[in-house]
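Each chain, letter by letter, is given below.
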Amino acid sequence: MKKLEEYLKGVSSLAVTAHINPDGDATGSVLAVLNYMKDNHPEIQTNVYLQEPEKELAFLPGCGEIHTELSADKVYDLFMICDCSTLDRIDPFAPAYRSAGRRLCVDHHKSNAGDFAEDNEVYPDVSSTCEILYDLMGTEHIGRNTAECLYTGIVHDTGVFKYSCTSRHTMEIAGDLMDRGLDTTSIIDNSFYSKTYVQNQILGRALLESVLFFNGRCIFSVIPESVMKFYGVTGADMGGVIEQLRLTEGVEVAIFLYETQTGVYKVSLRSKKFIDVSKIAVAYGGGGHARAAGFTASGRSRAIINEISAMIAQQLEDAQAQSGT
Ligand code: AMP
Ligand code: MN
Ligand code: MN
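What counts and what doesn't
Residues numbered from 1 in each chain as written. Chains lettered and ligands numbered in written order. Predicted model: local features only at pLDDT ≥ 70, side-chain atom pairs only at ≥ 80, totals over all residues. Heavy atoms only, no water. Pairing = 2+ DSSP bridges. Helix = DSSP H or I, 4+ residues; strand = E, 2+ residues; numbered from the N terminus. Contact = heavy atoms within 4.5 Å. Axes fitted to C-alpha atoms, helices over the stretch in contact; angles between N-to-C directions. Donors = N, O, S within 2.8 Å, 3.2 Å for Na, K, Ca; no water. Buried < 20%, exposed > 50% of the residue type's maximum accessible area, 1.4 Å probe, protein only. Phe/Tyr/Trp six-rings, centres within 6.5 Å; stacked < 30°, edge-to-face > 60°. Lys NZ or Arg CZ within 6 Å of the ring centre and 35° of its normal. Near = heavy atom within 4 Å. Polar contact = N/O pair within 3.5 Å; in protein donor to acceptor, adjacent residues only side chain to side chain. Areas by Shrake-Rupley, 256 points an atom, 1.4 Å probe, with all protein chains shown as cover. Nonpolar A, V, L, I, M, F, W, Y, C, P; charged D, E, K, R; others polar. Domains from an automatic or database assignment.

Here we look at the sheet that holds strand S6 (residues 211-213)
Moving on, step 1. One open sheet holds the 6 strands; their spatial order is S6-S7-S8-S9-S11-S10, and the pairing between them is mixed. Of all strands in the sheet, those bounded by a partner on one side alone are S6 and strand S10 (287-288).
Moving on, step 2. One ladder, built from 7 bridges, connects strand S9 (residues 264-271) with strand S11 (residues 292-298); its direction is antiparallel. Looking at S11, one finds that Leu 269 is bridged to Ala 293.
Moving on, step 3. Set on the sheet, helix H12 (residues 301-323) makes contact with S6, strand S7 (218-223), strand S8 (253-261), S9 and S11; between it and S8 the angle comes to about 150°.

This is the structure in structure tokens:
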């Protein structure tokens, strides 16, 4: 791993982006870089390009400075792409990405092939892009605002330090960031756990409609467009549903679909111990990690679930054959 400082040598303009529908790690990453640049390189023009983050992330320092649209024809010396494994997930900003002098990808998706930037700092075993950024930046260059962004990203991608991607190093970094005087309880409560009334309602509905299969080792739930309209919810209100499905006792794989437009589904997959859900997501043109992945698919929800189930069954069989049971 090189230091961020090395990538910034000779750079006088920097753009930073992350994936569409930005989550805590994506938003935390780009704003961490923005705050780092303010503290360490005010002489370098730095612009952040990102779809508007959810309102629970609006407290992050620099959130108001995000550009949601590309400024015309600006050519940057360096373009950083964070928490993103394929170019189609930075869609509106791809022209500036392509025209930049150099490209640096900082990511932790298993599905990242490292084939769309000259420089890659991609570590699939690391909890979050924010954790990688901490190491790229170095603790001595990290101020309070940068720390707040990095901490939030780590909290979100580790499910508050509980997913299997959480390492000793993750916890040590979190401890070091806390030392900058962060209100960690508020960050965790307000940006991660807090739910609106309708978010709780749709969570309840998804759990009520969920179906166990494969002898209780898998679970799925589907929220059709009509139900989304009834509750007045969007994809942004679905955070937490897949996690609650995954927590069902005995379940190895959880599948959650919601209909974003007629016949088009956003699919989330989670596993607990051994099914590699990123393989399934990649087969549909999506991506992610071994234990958390996603994609978009068209067709009938039951047909999509049947196809996914066949891929899970294959992996379950392979795992059983390997363990000799
Ligand atoms: P989600 O189910 O949307 O919360 O996504 C779970 C994980 O998979 C996250 O790390 C996402 O960044 C990743 N992911 C979701 N959809 C895609 C996609 N279409 N392409 C690549 N990665 C994805
Ligand atoms: Mn992300
Ligand atoms: Mn991430």
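Considering the sheet that holds strand S1 (residues 13-18)
Note on sheets: strands pair through backbone hydrogen bonds, and any given pair is parallel or antiparallel.
Moving on, step 1. The 5 strands are arranged S2-S1-S3-S4-S5 in an open sheet whose pairing can be described as parallel. Only two strands of the sheet have a single partner each, and these edge strands are strand S2 (45-49) and strand S5 (119-122). Ignoring strand direction, the axes of neighbouring strands in this sheet form an average angle of 15°.
Moving on, step 2. Inspection of the sheet shows S1 paired to strand S3 (residues 78-82) by 5 bridges, in the parallel sense. Residue pairing across strands places Ala 18 opposite Cys 82, the latter belonging to S3.

Topic: the coordination of the manganese ion (ligand 2)
Moving on, step 1. For the manganese ion (ligand 2), the full set of protein donor atoms is His 19 (NE2), Asp 23 (OD), Asp 23 (OD) and Asp 83 (OD), at a range of 2.1 to 2.8 Å.
Moving on, step 2. Along the chain, the residues that donate to the manganese ion (ligand 2) are spaced as H-x3-D-x59-D.
Moving on, step 3. Separating the manganese ion (ligand 2) from the manganese ion (ligand 3) is a gap of 3.6 Å, bridged by Asp 83, which donates to each. Placement of the pair is His 19 in the loop between S1 and helix H2 (24-40) and Asp 83 in the loop between S3 and helix H3 (94-99), with a sequence separation of 64 residues.

Observations regarding the coordination of the manganese ion (ligand 3)
Moving on, step 1. Coordination of the manganese ion (ligand 3) by the protein comes from Asp 25 (OD), Asp 83 (OD), His 108 (NE2) and Asp 157 (OD), over a distance range of 2.1 to 2.2 Å.
Moving on, step 2. The buried category is assigned to Asp 25, whose relative accessible area is 0%.

Some thoughts on the packing of aromatic side chains
Moving on, step 1. As enumerated under the stated definition, the model contains 11 aromatic pairs in all.
Moving on, step 2. An angle of 85° between the planes, with centres 5.1 Å apart, marks the rings of Phe 230 and Tyr 231 as edge-to-face.
Moving on, step 3. In this structure Tyr 231 comes out as buried when scored by relative accessible area, which is 17%.
Moving on, step 4. Each residue in the set Tyr 49, Tyr 76, Phe 79, Phe 93 and Tyr 97 is aromatic and connected to the rest through ring pairs, giving one cluster.
Moving on, step 5. A cation over an aromatic ring shows up here: Lys 74 above the ring of Tyr 76, its NZ or CZ 5.3 Å from the ring centre.

A word on the site of ligand 1
Moving on, step 1. Within the structure, ligand 1 sits among 14 residues, and His 109, Lys 266, Ser 268, Arg 270 and His 289 are positioned closest to it.
Moving on, step 2. For ligand 1, an oxygen atom lies 2.9 Å from a polar atom in the side chain of His 109.
Moving on, step 3. Protein burial of ligand 1: of its 480 Å² of free accessible surface, 81% is covered by the chains.
Moving on, step 4. Secondary structure elements with two or more residues in the shell around ligand 1: S9, S10 and S11.
Moving on, step 5. Element by element, the count of residues in the shell around ligand 1 is highest for S11, at 4 residues.
Moving on, step 6. For the shell around ligand 1, the residue count by class is 3 nonpolar, 8 polar and 3 charged.
Moving on, step 7. Of the residues that make up the shell around ligand 1, three or more belong to each of domain 1 (4-193) and domain 2 (199-323).

Digging into the side chain of Ser 278
Moving on, step 1. Mapped onto the elements of the fold, Ser 278 is located in helix H11 (residues 277-283).
Moving on, step 2. Ser 278 gets classed as buried once you look at its relative accessible area, which sits at 4%.
Moving on, step 3. With residues up to four places along the chain from it excluded, the contact list for Ser 278 reads Lys 110, Gly 288, His 289, Ala 290 and Ala 293.

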